[in-house]
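These are the residues of each chain, in order.
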Amino acid sequence: IAASVERYLRQEPGVRLGEDPEAVHQARVATRRLRSDLRTFAPLIEPAWGAEIGDRLRWLGGLLGAARDTDVLLARLRARADTLPEEDRPAGAKLVAELGADQEAAHAALLAGIAGERYLSVLQALVDAARGPHLLPESHRLAQEVALGLLSRPWRKLRQQVASLPVPAPDADL
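Residues numbered from 1 in each chain as written. Predicted model: local features only at pLDDT ≥ 70, side-chain atom pairs only at ≥ 80, totals over all residues. Heavy atoms only, no water.

Colleague: Can you walk me through the overall build of the chain in this structure?
Modeller: Each helix and strand counted, the chain has six helices and zero strands in total. Secondary structure elements in the chain, listed N-terminal to C-terminal, are α-α-α-α-α-α. Over its C-alpha trace the chain gives a radius of gyration of 20 Å, far above what one expects of a compact globule, namely 16 Å for 174 residues. In terms of its C-alpha atoms, the chain occupies a principal-axis envelope of roughly 65 × 50 × 20 Å. Across the 174 residues in the chain, those meeting the buried criterion constitute 32%. Sequence separation of 24 or more characterises 73% of the internal contacts of the chain that already satisfy a separation of 6 or more. (Helix = DSSP H or I, 4+ residues; strand = E, 2+ residues; numbered from the N terminus. Rg over C-alpha atoms; globule rule 2.2 N^0.38 Å. Buried < 20%, exposed > 50% of the residue type's maximum accessible area, 1.4 Å probe, protein only. Contact = heavy atoms within 4.5 Å.)

Printed below as a string of structure tokens:
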């Protein structure tokens, strides 16, 4: 939890500045990782506390996700629009402009969200979670006693996903 909160906090200034789409991406990755960790370690975490942190991360991830998704779509659309035949380029430019407006709106919503009281509450909850997660007594058992139970579901899911890939699987898919 602490590592993911730290990862998020390192990206937060870049998100605020809005100059590097990678900051939004990395902040989103940190929130997704935190949510995944909360699910994986749920048997060791106080349920109400885990649900509350999860809800806060879902809200923050929604803001980051909307901004990130428009960044990715706009970059892809620009690349494709540049390859259009000359007669189709005005239509491509119009689409790029419309998606550019959507991107600006998503980033404005993100900035508005992280400027509010709700965000400060989320940020404080994340810092508190990093300092002292609310753990159940079972969390103090030896890792060798609990790790198999915690990791069996994610491991099974990973194995199923890999098994569904073609053989040999491309590195990017792996």
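Colleague: In this structure, what is going on with the nonpolar core? I would like to understand it.
Modeller: Among soluble globular proteins, nonpolar side chains are generally buried collectively. Ranked by internal contacts, the top residues of the largest apolar core, which has 26 residues, are Tyr-8, Val-15, Leu-60, Leu-64 and Leu-110. Of all the secondary-structure elements, those providing two or more residues to this core are helix H1 (2-17), helix H2 (21-40), helix H3 (47-81), helix H4 (89-114) and helix H5 (117-131). Top contributing element to this core by residue count: H3, with eight residues. Setting aside chain neighbours within four positions, we find Leu-110 in contact with Val-15, Val-24, Leu-63, Leu-64 and Ala-67. (Core = buried A, V, L, I, M, F, W, Y, C linked by side-chain atoms within 4.5 Å.)

Colleague: Any chance you could explain the pattern of salt bridges here in plain terms?
Modeller: Pairs may arise between side chains of opposite charge once their charged atoms sit close together. Applying the stated criterion to the full structure yields seven salt bridges. Among the ionic pairs, Glu-145 bridges to Arg-141, the shortest N-O distance being 3.3 Å. Taking the relative accessible area as the measure of exposure, Glu-145 reaches 44% and is therefore partly exposed. (Salt bridge = Lys/Arg side-chain N within 4 Å of Asp/Glu carboxyl O.)

Colleague: Help me understand the side chain of Glu-12, please; the structure alone is not making it clear to me.
Modeller: Turning to its location among the elements, Glu-12 is positioned in helix H1. Overall, Glu-12 belongs to the buried group, its relative accessible area being 11%. Contacts of Glu-12, omitting those with residues within four sequence positions, involve Tyr-119 and Leu-123.

Colleague: Any chance you could explain H2 here in plain terms?
Modeller: In an α-helix there are 3.6 residues to a turn, and that puts residues three or four apart on one side. With 20 residues, H2 extends 29 Å between its outermost C-alpha atoms, agreeing within 8% with the 28 Å of an ideal straight helix rising 1.5 Å per residue. Among the residues of H2, Ala-23, Val-24, Gln-26, Ala-27, Arg-28, Ala-30, Thr-31, Leu-34, Asp-37, Leu-38 and Thr-40 are the ones counted as buried. Turning to H2, the residues buried within the fold contact H1, H3, H4, H5 and helix H6 (143-163). The backbone nitrogen of Glu-22 lies 3.0 Å from a side-chain oxygen of the residue at the head of H2, namely Asp-20. (Expected span 1.5 Å × (residues − 1). Polar contact = N/O pair within 3.5 Å; in protein donor to acceptor, adjacent residues only side chain to side chain.)

Colleague: Is there a simple way to think about a nonpolar patch on the surface in this case?
Modeller: On the surface, Trp-155, Leu-158, Val-162 and Leu-174 cluster together into a nonpolar patch covering about 420 Å² of accessible area. Within the secondary structure, Trp-155 sits in helix H6. Residue Trp-155 is classed as exposed on the basis of its relative accessible area, which comes to 53%. (Patch = residues over 30% accessible without salt bridge, like charges linked within 9 Å, V, L, I, M, F, W, Y side chains within 5 Å. Areas by Shrake-Rupley, 256 points an atom, 1.4 Å probe, with all protein chains shown as cover.)

Colleague: Explain a positive patch on the surface to me, please; I cannot follow it from the model alone.
Modeller: On the surface, Arg-39, Arg-153, Arg-156 and Lys-157 cluster together into a positively charged patch. The element contributing the most residues to the positive patch is H6, with three residues. With respect to the helices, strands and loops of the structure, Arg-153 is situated in helix H6. (Lys, Arg positive; Asp, Glu negative; His and termini not counted. Charge placed at Lys NZ, Arg CZ, Asp CG, Glu CD.)

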